[in-house]
Amino acid sequence: MKTIIAILSILLIVSCKSNTEKENAEINAMPNESTSITSESETGAQGSEISGNTSETTSTASEVNGGTYINLENKDAETGCNTLTLSFNATTPLCIDKEGITINVRYKNENGTTNMYYDSLESNTSDKKVPFNTFDTTVPIAVLTQTSNNTLTLDWKGFSVNGDLAVDYAILGKKNLEGKFVKQ
């Protein structure tokens, strides 16, 4: 029995040693690969490809312009609950519920898109108890995309708490706001 255990132990040690040698050989090969990548980028082989992709992204992305927009899909909504007032210099009120919930939002053009961020509660005259003081102010609640000169699309993402979607309140704002808007 001792002999079998000794043989298995020796096989295990030899096996581990050969795996370690293989890993070391792979690690030693990696710097050579990165050196060849560096030398390619120095020669400009990848540089032109990267700059080509960057200009492509820049030319296809379109940032939203400031102003007042009305929701085309919700024209019959109460005045104020179907409009967006975009200002990139200050927070603006935004009606997210016809029953009387208005929040303050701010807009930022980032990487070719316009993000809408929750800033604070303006007013809540509804019966809904919503924990606005727990919502993130650094995670976008909506993304705006310019579809033509005077038209944009709003994609409602919802409120977040600690970086995670606040599932119980995700639909709040979606019904009134998601869709196409035209500049007034």
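Our subject is the structure listed above.
So, here's what we can say about the structure. The shown structure was predicted, so the numbers you read here are calculated from the model rather than taken from an experiment.

Conventions and cut-offs
- Residues numbered from 1 in each chain as written.
- Predicted model: local features only at pLDDT ≥ 70, side-chain atom pairs only at ≥ 80, totals over all residues.
- Heavy atoms only, no water.
- Helix = DSSP H or I, 4+ residues; strand = E, 2+ residues; numbered from the N terminus.
- Buried < 20%, exposed > 50% of the residue type's maximum accessible area, 1.4 Å probe, protein only.
- Contact = heavy atoms within 4.5 Å.
- Areas by Shrake-Rupley, 256 points an atom, 1.4 Å probe, with all protein chains shown as cover.
- Pairing = 2+ DSSP bridges.
- Axes fitted to C-alpha atoms, helices over the stretch in contact; angles between N-to-C directions.
- Core = buried A, V, L, I, M, F, W, Y, C linked by side-chain atoms within 4.5 Å.
- Disulfide = S-S within 2.5 Å.

A word on the overall build of the protein chain
Phase 1: Broken down by element type, the protein chain carries 3 helices and 10 strands.
Phase 2: Listed by position from the N terminus, the elements making up the protein chain come as α-α-β-β-β-β-β-β-β-β-β-α-β.
Phase 3: Evaluated residue by residue, the protein chain yields a buried proportion of 29% over its 184 residues.
Phase 4: The long-range share in the protein chain, meaning contacts at least 24 apart out of those at least 6 apart in sequence, stands at 49%.
Phase 5: Per element, the accessible surface of the protein chain, about 11,700 Å² overall, is 53% carbon and sulfur.

Observations regarding the sheet that holds strand β3 (residues 92-97)
Phase 1: Across the sheet, which stays open at both edges, the 8 strands sit in the order β2-β1-β10-β7-β6-β5-β4-β3 with antiparallel pairing between neighbours. Every interior strand has two partners, whereas the edge strands, β2 (83-86) and β3, have only one. Mean inter-strand twist for the sheet, computed between neighbouring axes without regard to direction, equals 35°.
Phase 2: As judged from the 4 bridges shared by strand β7 (residues 151-156) and strand β10 (residues 179-183), these two strands associate in the antiparallel manner. By the bridge assignment for β10, L154 is matched with G179.

Overview of the pairing of β10
Phase 1: In this sheet, β10 lies alongside strand β1 (residues 67-71) in antiparallel orientation, the contact comprising 3 bridges. Opposite I70, over in β10, you have V182 as the bridge partner.

Re the nonpolar core
Phase 1: Ranked by size, the top nonpolar core spans 26 residues in total, and within it L84, I96, M116, F132 and F159 carry the most contacts.
Phase 2: Here this core gets 4 residues from one element, more than from any other, and that element is strand β4 (residues 101-110).
Phase 3: Setting aside anything within four residues of it in sequence, one finds F159 in contact with I96, I103, Y118, F132, F135, I141, D164, L165, A166, Y169 and L172.

Remarks on the side chain of T102
Phase 1: Along the chain, the position of T102 falls in strand β4.
Phase 2: Take T102: its relative accessible area is 17%, and that puts it in the buried class.

What about the state of the cysteines?
Should the sulfur atoms of two cysteines be covalently bonded, the bond is a disulfide.
Phase 1: Within the structure shown, the criterion is met by 1 disulfide.
Phase 2: The disulfide partner of C81 is C95, and the S-S distance across this bridge is 1.7 Å. Taking the sign of the S-S torsion, 45° for the link of C81 and C95, the bridge is right-handed. Here C95 lies in strand β3 and C81 lies in the loop between β1 and β2, a separation of 14 residues in the sequence. With respect to class, C81 is no different from C95; both count as buried.

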